[in-house]
Every structure is written in structure tokens, then in C-alpha cells.
Amino acid sequence: MLKWLDVSRGSRLLGAMTEDEILMYAALDEARKAASAGEVPIGALIFDPSSKTVVARAGNAPISNHDPSAHAEILALRAAGEATKNYRLGGLWLYVTLEPCAMCAGAISHARIGRLIYGAPDEKGGAVEHGPKFFAQPTCHWMPEVTAGVLADGSRDMLKGFFRAKREKRSNL
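Figured I'd write up the structure that's included with this text. Keep in mind that what you see is a predicted model, and the values were worked out from it rather than measured.

Remarks on the sheet that holds strand β3 (residues 43-48)
No. 1: Sheet architecture is open: 5 strands sit in the order β4-β3-β5-β6-β7, paired in mixed fashion. Unpaired on one side and paired on the other, β4 (53-59) and β7 (145-148) mark the two borders of the sheet. Going across the sheet, the axis of each strand differs from the next one's by a mean of 15°, ignoring polarity.
No. 2: As paired strands, β3 and β4 are joined by 6 bridges and run antiparallel to one another. When the sheet's bridge partners are listed, aspartate 48 is paired in β4 with threonine 53.
No. 3: Here helix α1 (residues 19-36) sits on the sheet in contact with β3, β4, β5 (93-98), β6 (115-120) and β7, set at roughly 55° to β5.
No. 4: Together, β3, β4 and β5 form the strand contacts of helix α3 (residues 72-84), whose direction differs from that of β4 by roughly 140°.

Encoded structure:
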């Protein structure tokens, strides 16, 4: 049985972490993979709490996929739909490292995700607790249970580091 999970700031006993933290670390791994591919480091995974299995996982890929809709959440939703053979994903949980944008919040609502868990807030582009507050709109037909701020510092630090490195690289040219 796996007892330790390697994380960016050392190893931690799994028993000392919540289920949300363990799964958000897995989403952060997807974000790291996205960053390695030159994408903005955002990762997502879809978890089935009834079977305790990860149904799908994805990292941001709009640049490599040449697709403005290839956000981590959208790719994870698509993969989960394929895996479950259903476009309705009720009862499944979506973990994502950054507060979803309006496009992703709309897709989450249409998919009927049961619970949304995200890391860092996004004051500029977020649509859950910022911006349009999508799920609070009267035209929104489905609202998942929302848990915000899980491993927010790790998500925020990864994003800041990614953009800092891009700025430094640009200034050295």
C-alpha cells in the first residue's frame, strides 16, 4: 500500500492529508505536466467518490491542441464522458488547481458535476467566486457543491513561478 506521496515541499504521510488534498496533489501533477509542455500550469481530475477511483485527468492544452477550449477542466470532462459513456457526470467530483472560468463553469453545470473542488482563486478570470459568479445566476440550471482553496498556495505558487520564468526569459532575449 502507498504510504507516502512525494510533493514539491517534501514528503508527507498520506494519513495526515485529507482526501481533497491527496486528489488536489494529483491535479497539481497534471498542472506540472502542462507547464513542462509550455502550457499554463492548470490541472484537473475527475473522481468517483462511490468507487474511490480517478475517472479522468488532464492538464491545460490550448497551445498544443490549437484549441482555445482545451482548458484542463474541459479536457477532463471530455475524458470522463468517454470513460463513463455518458455526458452527464452527476455524482462525480472535479478537482482543478485554479478557479474555473465562465466557459468551464458552464461546462461543469451542463455535465451536472456533483462537487467542484478548486485550489487558487482567479480574481481576473474566475467565474465561481469572482467575475460573473456563474453558479449564482438565475439562468444556471445546475450548481455543484463548491469547495474552494484546497492547496491554494501550491496552485498559486506554481502559476506565479511559471509566469515569472516566462517574463525573465523574455527580458533575457
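Re the packing of aromatic side chains
The way to describe two aromatic rings as a pair is by their centre distance and the angle between their planes.
No. 1: Here the structure, examined in full by the defined rule, presents 3 aromatic pairs.
No. 2: Where phenylalanine 47 meets tryptophan 93, the ring centres are 5.9 Å apart and the plane angle is 50°; that geometry is what we call tilted. Here the residue phenylalanine 47 occupies a position in strand β3, and tryptophan 93 occupies one in strand β5, the gap between them amounting to 46 residues. For the pair phenylalanine 47 and tryptophan 93, one class covers both residues: buried.
No. 3: Note on phenylalanine 162 and phenylalanine 163: the rings are 5.2 Å apart at their centroids and 80° apart in plane angle, and the pair reads as edge-to-face.
No. 4: For phenylalanine 162, a relative accessible area of 12% corresponds to the buried category.
No. 5: For phenylalanine 163, a relative accessible area of 35% translates into the label partly exposed.

Focus on the nonpolar core
No. 1: Counting 28 residues, the largest nonpolar core has Ile46, Leu89, Ile113 and Leu116 as the members making the most contacts within it.
No. 2: Put simply, the parts of the chain that give this core at least two residues each are β3, β4, α3, β5, α4 (102-111) and β6.
No. 3: If one sorts the elements of this core by residue count, α3 sits on top with 5 residues.
No. 4: The residues touching leucine 116, leaving out its near neighbours within four places in the chain, are Leu94, Val96, Pro100, Ile108, Val128, Phe135, Pro144, Glu145, Val146 and Thr147.
No. 5: Met24, Tyr25, Ala26 and Phe47 belong to the second largest nonpolar core, which has 16 residues in total.

What counts, and where the lines are drawn
- Residues numbered from 1 in each chain as written.
- Predicted model: local features only at pLDDT ≥ 70, side-chain atom pairs only at ≥ 80, totals over all residues.
- Heavy atoms only, no water.
- Pairing = 2+ DSSP bridges.
- Helix = DSSP H or I, 4+ residues; strand = E, 2+ residues; numbered from the N terminus.
- Axes fitted to C-alpha atoms, helices over the stretch in contact; angles between N-to-C directions.
- Contact = heavy atoms within 4.5 Å.
- Phe/Tyr/Trp six-rings, centres within 6.5 Å; stacked < 30°, edge-to-face > 60°.
- Buried < 20%, exposed > 50% of the residue type's maximum accessible area, 1.4 Å probe, protein only.
- Core = buried A, V, L, I, M, F, W, Y, C linked by side-chain atoms within 4.5 Å.

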